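A structural walkthrough
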Amino acid sequence: MIIRPATHADLPAINAIYNHYVLTSTCTYQEEPETQGEREAWFATHGERHPVTVAEHDGVVIGWGSLSPFRSRGGYRFSVENSVYVEQGRHGQGIGKALMIDLIARATALGYRSIVAGVSADQTASISLHERLGFTRVALFQEVGYKFATWLDVAFLQLMLPPGGLDTAGQSGNT
Ligand SMILES: CC(C)(COP(=O)(O)OP(=O)(O)OC[C@H]1O[C@@H](n2cnc3c(N)ncnc32)[C@H](O)[C@@H]1OP(=O)(O)O)[C@@H](O)C(=O)NCCC(=O)NCCS
């Protein structure tokens, strides 16, 4: 398995992996499948400072991850929010952990101060994955989510990153 930056050609596979969870899981609160056009627009908002990555095995995309802006106002530019999705049927093989370790390394190299993860509190695998990698729970929002006719709590977990990870141009967070 390799982990590499995603390309436009990966977007159908990324969407197929994701849309399974839209329809079956509370790990995303999206209720309607993401269209290809929406996925392309999402990809266009990412770039060098907000990478999208894929895990590939034998030429097949089996998982993906991303770092997105935590919030849009400029003062939030040193934090990112992560996403990670592994193809159904391939869980428990270390793919999610490998994607996360790679994302943490990228965030550190890009000079971010912290990574935030918003995780539905019923998603024990995701919470355990993040805690395993050093994230700590900083908030629990009660019943801010509603999916499959159930009120859902959302945990926010945060990983503080070591200082000194400025990019080589020394312009961390300014773009
Ligand atoms: C959460 C998810 C990404 C984990 O990926 P994975 O490849 O199955 O996980 P890994 O095999 O890399 O396991 C890494 C760690 O996650 C935790 N974990 C994974 N599956 C778990 C499970 N079923 N129960 C409890 N902990 C689990 C463990 O801490 C594990 O560490 P360990 O192997 O050292 O004990 C995967 O289950 C997934 O894609 N789920 C649906 C999408 C999702 O919830 N994404 C997160 C949104 S923020």
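My aim in this report is to walk through the structure given alongside it, one point at a time. Every chain's residues receive numbers from 1 upward, in the order its sequence appears when written. The model is predicted, so local features are restricted to residues of pLDDT at least 70 and side-chain atom pairs to those at 80 or more, both for listing and for counting; the totals for chains, interfaces and linings are taken over all residues. Hydrogens are left out, water is left out, and the side-chain values use all remaining heavy atoms of the structure.

**Let's talk about the overall build of the protein**
What counts as a helix is a DSSP run of H or I of at least four residues, what counts as a strand is a run of E of at least two, and both are numbered from the N terminus. Assigned secondary structure in the protein consists of four helices and seven strands. Along the chain direction, N to C, the helices and strands of the protein fall in the order β-α-α-β-β-β-α-β-α-β-β. Radius of gyration here uses only the C-alpha atoms, and the compact-globule reference equals 2.2 Å multiplied by the residue count raised to the power 0.38. For a compact globule of 175 residues, the expected C-alpha radius of gyration is about 16 Å, and the protein comes in at 16 Å, within 12% of that figure. For the protein, the C-alpha atoms occupy an extent of roughly 45 × 40 × 30 Å along the three principal directions. Residues classed as buried in the protein amount to 43% of the 175 residues present. Here a residue-residue contact requires only that any non-hydrogen atoms of the pair lie within 4.5 Å. Long-range contacts, defined here as pairs at least 24 residues apart, represent 64% of the contacts in the protein between residues at least 6 apart. Positive: Lys, Arg. Negative: Asp, Glu. His and the chain ends are not part of the count. Where a charge lies is defined by one atom per residue type, namely NZ (Lys), CZ (Arg), CG (Asp) and CD (Glu). In the protein, which carries 13 positive and 17 negative side-chain charges, the distance between the mean positions of the two groups comes to 8 Å. The buried label applies to any residue whose accessible area, calculated with a 1.4 Å probe on protein chains only, is under 20% of its type's maximum; exposed applies above 50%, and partly exposed to all values in between.

**Some thoughts on the pattern of salt bridges**
A carboxyl oxygen of Asp or Glu within 4 Å of a side-chain nitrogen of Lys or Arg is what we treat as a salt bridge. Enumeration over the complete set of coordinates arrives at four salt bridges. In this structure, R4 and D10 form a salt bridge, with 2.8 Å as the shortest nitrogen-oxygen distance. E56 is the partner of R4 in a salt bridge, and the nearest nitrogen-oxygen pair spans 2.7 Å. Of the two residues, R4 is situated in strand β1 (residues 2-5) and E56 in strand β2 (residues 52-57); the sequence distance between them amounts to 52 residues. Judged by relative accessible area, which is 18%, E56 ranks as buried. Through salt bridges with shared partners, a single network forms among R4, D10 and E56.

**Quick look at the environment of D58**
Mapped onto the secondary structure, D58 falls in the loop between β2 and β3 (60-69). Along the primary structure D58 and I2 are separated by 56 residues, whereas in three dimensions their C-alpha atoms are 9.2 Å apart.

**What about unusual backbone geometry?**
Backbone geometry at D58 places phi at a positive 50 degrees, although glycine is not the residue there. For D58, a relative accessible area of 71% puts it in the exposed group. In this structure, F148 takes a positive phi of about 55 degrees despite not being glycine. Position of F148 among the secondary structure elements: in the loop between β6 (136-147) and β7 (150-160).

Keep in mind these numbers describe shape, not what the thing actually does.
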